[in-house]
Structures are given as C-alpha cells and as structure tokens.
Amino acid sequence: MNKNYMVFSGTATKYLAERICQSLGCPLGELLITKFSDGEFAVSYEESIRGQDIFLVQSTFPNADNLMELLLMIDAAKRASARTINAVIPYFGWARQDRKDKPRVSIGAKLVADLLSAAGVNRVITMDLHADQIQGFFNVPVDHLYASNVILPYLQSLQLEDLVIASPDVGGSKRANTYAKYLGCPLVLCNKTRARANVVASMQIIGDVEGKNVVIIDDMVDTAGTITKAADIMKEAGAKTIRACASHCVMSGPASERVQNSALEEIVFTDSIPYSSQCCAKVKQLSVADLFAETIRRVINNESISSQYIV
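None of these values were measured; they are calculated from a predicted model.

> Explanation requested: the overall build of the protein chain in the structure shown.
Looking only at helices and strands, the protein chain features 8 helices and 14 strands. For the protein chain, the C-alpha radius of gyration of 20 Å lies close to 19 Å, the compact-globule estimate for 311 residues. The dimensions of the protein chain, computed from C-alpha atoms along their principal axes, are 60 × 45 × 35 Å. Taken across its 311 residues, the protein chain has 52% of its residues classed as buried. The contacts in the protein chain between residues at least 6 apart in sequence include a share of 63% that link residues at least 24 apart. By element, 47% of the accessible surface of the protein chain is carried by carbon and sulfur atoms, the whole surface being about 14000 Å². Considering the protein chain, the positive charge centre built from 31 side chains and the negative charge centre built from 33 side chains are found 4 Å apart.

> Would you take a moment to explain the sheet that holds strand S6 (residues 123–127) for this structure?
Remark on secondary structure: sheet strands pair via backbone hydrogen bonds, oriented parallel or antiparallel. With parallel pairing, 5 strands are arranged side by side in an open sheet as S1-S4-S5-S6-S7. Edge positions in the sheet fall to strand S1 (5–9) and strand S7 (142–145), since each has one partner strand and no second. With strand direction ignored, the average angle separating the axes of adjacent strands in the sheet is 15°. As paired elements, S6 and S7 share 4 bridges and run parallel to each other. Following the sheet pairing, valine 124 is matched in S7 by valine 142.

> Looking at this structure, how should I read the nonpolar core?
In a soluble, globular protein the nonpolar side chains are often hidden away together inside. Among the nonpolar cores identified, the biggest contains 40 residues, and Ile20 and Phe55 are the most heavily contacted of them. It is helix H8 (residues 289–300) that contributes the most residues to this core, 7 residues altogether. Beyond its immediate chain neighbours, meaning those up to four positions away, isoleucine 20 contacts Val57, Ala289, Phe292, Ala293 and Ile296. Val43, Ala77, Val121 and Leu129 belong to the second-largest nonpolar core, a separate cluster that totals 37 residues.

> Can you walk me through the environment of glutamine 97 in this structure?
By the element assignment, glutamine 97 lies in the loop between strand S5 (84–89) and helix H3 (108–119). Here glutamine 97 falls in the partly exposed class, since its relative accessible area comes to 31%. Spatially, the C-alpha atoms of glutamine 97 and glycine 225 are 19 Å apart, while their sequence positions differ by 128 residues. At 3.2 Å, the side chain of glutamine 97 and the side chain of serine 106 are in polar contact.

> Before we go on, may I ask you to explain the environment of glutamate 257 in this structure?
Tracing the backbone through its elements, the reader meets glutamate 257 in helix H7 (residues 255–260). Sequence separation between glutamate 257 and isoleucine 205 is 52 residues, and the spatial gap between their C-alpha atoms is 24 Å.

> Where do I start with the pairing of S5 in this structure?
The side chains of a regular strand alternate, first on one face of the sheet and then on the other. The buried count for S5 comes to 5 of 6 residues, which makes it a mostly enclosed element. Two strands pair when backbone bridges link them, and strand S4 (residues 53–57) and S5 are joined in this way by 5 bridges, in the parallel orientation. Bridging from a neighbouring strand, valine 57 pairs with valine 88 of S5. Once you follow S4 into helix H2 (residues 65–79) and on to S5, the crossover reads as right-handed. Pairing analysis gives 4 bridges linking S5 to S6, with the strands arranged parallel. Each bridged residue has a counterpart across the sheet, and for asparagine 86 the counterpart in S6 is arginine 123.

> Teacher, can you tell me more about H8 here?
Count 3.6 residues to each turn of an α-helix, and residues three or four apart come out pointing the same way. The end-to-end C-alpha separation of H8 is 16 Å, in line with the 16 Å expected for 12 residues at 1.5 Å each. Of all 12 residues making up H8, 9 are buried, and the element is well covered by its neighbours. Positive phi shows up at asparagine 302, right after H8, with a value of about 55°.

> It is not clear to me how unusual backbone geometry should be interpreted in this structure. Could you clarify?
Residues other than glycine predominantly adopt negative phi, and peptide bonds predominantly adopt the trans conformation. Following proline 62, the chain continues into asparagine 63 via a peptide bond in cis, with omega recorded as 15°. Tracing the backbone through its elements, the reader meets asparagine 63 in the loop between S4 and H2. The backbone of methionine 251 sits at a positive phi, close to 45°, despite the residue not being glycine. Secondary-structure assignment places methionine 251 in the loop between strand S12 (241–249) and H7. Accessibility expressed as a relative area gives 9% for methionine 251, which makes it buried.

> Hey, could you run me through the pairing of strand S3 (residues 41–45) in this one?
Of the two faces of S3, only one is covered, namely that formed by Phe41, Val43 and Tyr45; the face formed by Ala42 and Ser44 stays uncovered. One ladder, built from 5 bridges, connects strand S2 (residues 31–35) with S3; its direction is antiparallel. Residue pairing for S3: threonine 34 is matched across the bridge by alanine 42. Between S2 and S3, which pair antiparallel in sequence order, lie 5 residues; one of them, glycine 39, sits at a positive phi of approximately 100°.

About the criteria used
Residues numbered from 1 in each chain as written. Predicted model: local features only at pLDDT ≥ 70, side-chain atom pairs only at ≥ 80, totals over all residues. Heavy atoms only, no water. Helix = DSSP H or I, 4+ residues; strand = E, 2+ residues; numbered from the N terminus. Rg over C-alpha atoms; globule rule 2.2 N^0.38 Å. Buried < 20%, exposed > 50% of the residue type's maximum accessible area, 1.4 Å probe, protein only. Contact = heavy atoms within 4.5 Å. Areas by Shrake-Rupley, 256 points an atom, 1.4 Å probe, with all protein chains shown as cover. Lys, Arg positive; Asp, Glu negative; His and termini not counted. Charge placed at Lys NZ, Arg CZ, Asp CG, Glu CD. Pairing = 2+ DSSP bridges. Axes fitted to C-alpha atoms, helices over the stretch in contact; angles between N-to-C directions. Core = buried A, V, L, I, M, F, W, Y, C linked by side-chain atoms within 4.5 Å. Polar contact = N/O pair within 3.5 Å; in protein donor to acceptor, adjacent residues only side chain to side chain. Right-handed = clockwise from strand over helix to strand, strands pointing away. Expected span 1.5 Å × (residues − 1).

Read these as spatial facts, not as claims about activity.
So this is what it looks like as structure tokens:
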C-alpha cells in the first residue's frame, strides 16, 4: 500500500477519524485548531504534509463551524504543498437545499460544493447524499458510498419473519424499494403532507402492515416527526414490531424525546454524526469506519470501489 498518505480530522468527527485510522493501521495526523475569544479559529498542521495524499475527515452538520473548519483545513493543506487533498465527509450538510422549490431561495448544496472546490479539494468521499444529483454539483471526483453496506447485514442478523420495508414518504420510495428487493420482502409507502418545514400535517399508509415486522428506511432523521408519526400509525394498523433505519443521526430539537415515546422498538443509524446514547435508549449506531477506511485504501492504490456497494 502506498505510504505517502496522511489522515487528519476536524473537531466534530475526530471519534470517527480515529476508528478509520485504526482500520487503516496508520496514526491520526497532528492538527492544531486555535480558537480565539471572538469565535474565530485558525488551522495549522503540526507535521510536514509536503507531497502527501491528504484525507480530511469532517462531517459538515450544523453549526457552520464544522464546514468552516473543513474549508480552512483544505486551504492550509493546499498552501503546505500537499499532493492531493481528499475531503472525507460522512454527512454532507446543507444537502436538503438541492433545488429551487419556491422563488428566491438559495441552493445551499451547490454553494457548499463551490466552496469546497474554491478551497482546493481534489476529491470528495461522502455517504448517502440527500439527493444523488448533488454529485453533479462538483467538478472533482465524488465517491458516493451507501450506509446499506452496514445496515443490511444488521437487518439480516435480526432474522425477522413477515418482514416489510416501509418508506416514510414518497420521496424515499426508491431507497426503500432497493432494500425490499435485496431482502425479498414487500414494500409499504407512507404518503405525507407538510404544514411547513419539520411539521407533518397528515399521513396515510399505502400497503398492508397488519401482523408484520416493519422496518422504516430513510436517509436522515432530523426532528423525528415524520418517522415517529409513521411508526405510531403503523402500530394502530396492526404492525407487530416497528423499527427504523437511517444513515444520518441528525436528531435535533425534540427528536430524542419523540423517538423514546413512540411505537418504535429501536432506531438504527450510522456514526456519521456523533450521538450520545444517554439521550435515547432506543438509538443504536453502527460504525462506517471500515467502509470509509477501505474506500480510502482503494483510492490510495488506484483501485475500483465498485465492490463497496451491496445495492
């Protein structure tokens, strides 16, 4: 394996970067982030990175400091003569702003892509973008991984009978259908209408869940309003057990309380975003460190990553 590479991490995703380095068998690089009293901060590499392939691990979930840290890390690496700069972004923030859905709004996902490119990134490695077309916002290679690599084996290990896969909304039907096909089970859809952002007005189930073990599939859970409402409606419709699986554990505001008080038996995430299990006992996190480590290994050795995809 090519040894001319180094892995560094921002503040928010250091826990995951350490696991990635453990899987790769390399040390985590020394990076100093100096914070000033006014909230500004500066980034400096505490070892030479000249001529190295640099991998910067940082999820860009709010607040915006995490994105700004990543941008400064990229800029500092470019000015320190790194050979290539690879941004490893397990959770790509602002991805829900991927189009103009009403007049006079920003397209945040495109703006973030432009910022990363302007800073000097050469490659982006990310997972389960909110919309696949965001890959096209970049003019550099994007390796788009899927959490199904760790979620599907977990679901298979449960050995659930009368399994049904459900999508919490019509927009997620493609993702849920992929899981249903792989597991060879029926698909159920939830049709929801929103009163406003993060507020579900009404929801109806399309399909049969009576006596079934239901698994709801989504890409992220923010306030958990949609997924808990879907679980409660399915329980009323006679579902035996209800679980949920999502790639990204945003879990903001009242999310933990809603999940704890819902009909969900458990909700499974990856560790793309940190979460304290003390907030909600029903939350389980699966690590994607090995998935990202293997992808980094293949990028370093110029190997195909196609076999990284289960579905």
